[in-house]
Amino acid sequence: MRFGEDGGAGVVSGGSGDGRCAGRTASRAVLVGVLAGAVVVGAPGVASADPGDGLSETSHVRYEVDGTGPVRVRVTTTLRNEQPDSGQYFYYWDAYGIPVPAGATDVTATSGGATLPVTLEPTEDPATSAARVSFSPLNYGRERTVEWAYTIPGEPIRSEGYTRVGPGYATFAVSAAGDPGQVTVEIVTPTSMDFDSTWDGFTPILEGTTRTHRATESTDDLGTWSFVSLRDPAQVDTTTVDAAGTELVLESFPGDAEWSAFVAEQVAAGLPTLERVVGMPWPGNLERIREDVSPEVLGYAWFDRGSGEIVIPEDLDAGLLFHELSHAWLAGDRFADRWVSEGLAEVVGERVAAETGGPTETFPAPARDAAEALPLVAWADVDVQDGADATEEYAYAAAWTAVSALVGGLDDETLGTLVAAAYAGESAYDAPGEPGRPGLTDGRRFLDLVEVRGEVADAQAAYRTWVADADETALLDARGPAREAYVALDAADGQWLPPAGLRTAMTDWAFADADAAREAIGPDAAAAASQVQQAADDAGLPDPAAVRTQYESARTAEEYAALATVLPRTVEVVGTVGDAVAASTGGGPFADLGRLLLDVDGSTAEARAALDTGRLDEADAAADDASSRAAVAPWVGIGAVLLVVAALAGAVVLVVRRRRAAAAAAPAAPAADPAGERDPGGDGTVVPAGEGTPGGPAAAAAPGGRVVSPAGRRTVEGVRPVDQAAGPETRRSRS
């Protein structure tokens, strides 16, 4: 903006740099223009904001960074008056100014070999000053070149300004006023320093041990403005911290022990809490956390999975730290919509910081009707490079506001379960932990999870306010009735999930397809599914797995039609199998014996297995067979017992008879002992004299080696022994 009738010159810049948000954006100073004064002689003074008001501006700005000390800056500005005189009016310029960092030192200006006095004046941006010079009138057709020089010493870490210069790092605003195509900016750095900028118009040129980042295009009609950051990764102080079994390396600016101590304390205390809040263990894809000036420049910190590092600014912000740590889970490879991952990361980060007691900055709820507002479904289309910084700031705040409204009231356990489900890509319409159709979690899936798993009744209202555009609003209008009809069907079919075709349509927000699926399923299928479950419960049986799978996995019209036959038939067969199971118990010991002999349990098990695998006819036949066998089992048991008793009685009679026959066939006892012989046992056995007496042998061997007992000389076979010592066998009979 050019202004003034007094020949003054100056700069206006807006907004102050903050950069204390990761994945969040910071305000930055924006160059609006160079202010030059035009004096119109012979007419009242005129103020103009038109870059084409007759003053041609050409600028060449060179920043020299050595990585160890202050940044040296040289600016060459060439001004040419191209406003011709008009009758009694003629125009001239006698002052000019450029923007410099508020802490700039050694500011000088020369023109035509003469030193020009420089005054430094504040601007609307506390971090920027206006360096102004005056000179003799620059009339039409005349040209003047002004050579400027100044030093950027930087400001202390964690001070209010956004300019930083130290060993191995530097961040500052680059500004050059001039007409389009007449501005050149060069930033010369050691090759060891990484370069970041809020504008992608710089081209690196390698020159020995230095690299020059050069831009010849302008960021707008008034010149070039950009925020740059330089960092030598080798110049760091390193410490390590162990948290929940994870060792992380902390890399700080040289000498910034306060930052290292803060991050170490927060990570050690907060990582276990973070795991609990997100409902998942630490994934272990992080190696280091690095302090850098780039987040101040770019407006966001980041989690770089490729290099295994988190980059955050110098600020001691626990919410920001845990926001970035939560991106170990809440990232683009799992979440399709940025507002979901960023909003969740902010909510999670603040919750963990509250438990660790660490300081954090929170977003205020933005005005939904603000000029920079947008529906969050359109956030992906925002391009910060095109100057959409205000919109980016709004979107971060709106994402936090929306997600806070959706899940902020949940306890840690419920929130963790929901976040884990979203991370896994589960659909709210599938069983928890079993993603039937996993995918990236977008805003629609997230809303479904919040309503179904989180049981947040007013979730759709928050979604409608902060997220939906016109097309999404139309879908929300259709979603309400579709959800009501789905819930009614889900209640009617008991504990089973509705058919997969309907669940898929609801997951995809294809509500016309959902209506068609419900119509094809029909009003009776859900009731029949519930009847199957009730019949199984009444029979003491589990739900038949194959039939449940057939119901829950149905997707096509043919599969829906089959349910009309299968489900009622299953109710009948479940009853038949239940009767067989009931008949397989009770009735007393005779029934138990009969069922064992008839293998009733085997038939019942066969019926149950057939029912579970969906072989309904086989289950029905096996159950009838088991019931039939169970009906006669008591009689079979009684008969079996009677047969056993009869067999035992017959065996007793046979034994008695055999014993009587044996007794009848036994020989009579002898009347008296012959001379020299005796019957010491009284059992009719004759023992020759001298045998069987005390001190004699206890037993004698019969012919053939059989052992004869002292009590009688019977052999094992019952044959009477022969006394060889007595001579010829003598038979005697009892008198």
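Residues numbered from 1 in each chain as written. Predicted model: local features only at pLDDT ≥ 70, side-chain atom pairs only at ≥ 80, totals over all residues. Heavy atoms only, no water.

A. Structural view of empty space enclosed by the protein. Within this structure, the stated rule accounts for three cavities of 30 Å³ or more. Quantified by volume, the second largest cavity comes out at close to 70 Å³. Along its surface, the second largest cavity is lined by Ser-59, Val-61, Val-75, Thr-77, Tyr-96, Ile-98, Pro-99, Tyr-150, Ser-175, Ala-176 and Ala-177. Of all elements in the fold, only strand 4 (55-64), strand 5 (71-81), strand 6 (90-101) and strand 13 (169-177) reach the threshold of two or more residues within the lining of the second largest cavity. (1 Å grid on protein atoms, 1.4 Å probe; cavity = no way out; pocket = protein on both sides within 12 Å on 5 of 7 lines; lining within 4 Å. Points joined across faces, edges and corners; volume = space filled by probe spheres on them. Helix = DSSP H or I, 4+ residues; strand = E, 2+ residues; numbered from the N terminus.)

B. Focus on the pairing of strand 11 (residues 143-152). Counting buried residues along strand 11, seven of its ten residues qualify, which places the element largely inside the surrounding structure. Sheet topology note: the strand 5/strand 11 ladder contains ten bridges and is antiparallel. Bridge pairing links Val-71 to Ile-152 in strand 11. As judged from the four bridges shared by strand 7 (residues 105-111) and strand 11, these two strands associate in the antiparallel manner. Bridge pairing in strand 11 links Ala-109 to Trp-148. (Buried < 20%, exposed > 50% of the residue type's maximum accessible area, 1.4 Å probe, protein only. Pairing = 2+ DSSP bridges.)

C. Quick look at the pattern of salt bridges. If you walk through the whole model with that rule in mind, you get 32 salt bridges. As a salt-bridge pair, Arg-305 and Asp-333 come within 2.9 Å of each other at their nearest N and O atoms. On the criterion of sequence distance, the pair formed by Arg-305 in the loop between strand 22 (302-304) and strand 23 (309-312) and Asp-333 in the loop between helix 3 (318-326) and helix 4 (338-356) is long-range, its members being 28 residues apart. Here Arg-483 ties to Glu-451 by a salt bridge, and the two come within 3.7 Å at their closest N and O atoms. Residue Arg-483 is found in helix 9 (residues 470-492), and its partner Glu-451 is found in helix 7 (residues 443-452); the two are separated by 32 residues along the sequence. Per residue, the accessibility class of Arg-483 equals that of Glu-451, and both read buried. Connected through shared salt-bridge partners, Arg-231, Glu-287, Arg-288, Arg-290, Asp-292 and Glu-309 make up one network. (Salt bridge = Lys/Arg side-chain N within 4 Å of Asp/Glu carboxyl O.)

D. Focus on the confidence of the model for the protein. Summing up the model confidence of the protein, the mean pLDDT is 83 and the portion of residues at 70 or higher is 82%. In this model residues 1-50 is a low-confidence stretch, pLDDT under 50, and it forms 184 contacts with partners more than four residues away in sequence or in other chains. Long-range and interchain partners of residues 689-735, a stretch whose pLDDT sits below 50, account for 61 contacts in this model, where long-range means more than four residues apart. (pLDDT = per-residue confidence, 0-100. Contact = heavy atoms within 4.5 Å.)

E. Region of interest: the sheet that holds strand 18 (residues 223-231). As summarised here, the arrangement of the four strands in space is 12-13-18-15, forming an open sheet in which the pairing is antiparallel. Sheet topology places strand 12 (164-166) and strand 15 (194-197) at the edges, where each strand pairs with a single neighbour. In this sheet, neighbouring strand axes are inclined to one another by 30° on average, regardless of whether the strands run parallel or antiparallel. Alignment of strand 12 against strand 13, held across three bridges, turns out to be antiparallel. Bridge assignment links Val-165 to a residue of strand 13, and that residue is Ala-170. (Axes fitted to C-alpha atoms, helices over the stretch in contact; angles between N-to-C directions.)

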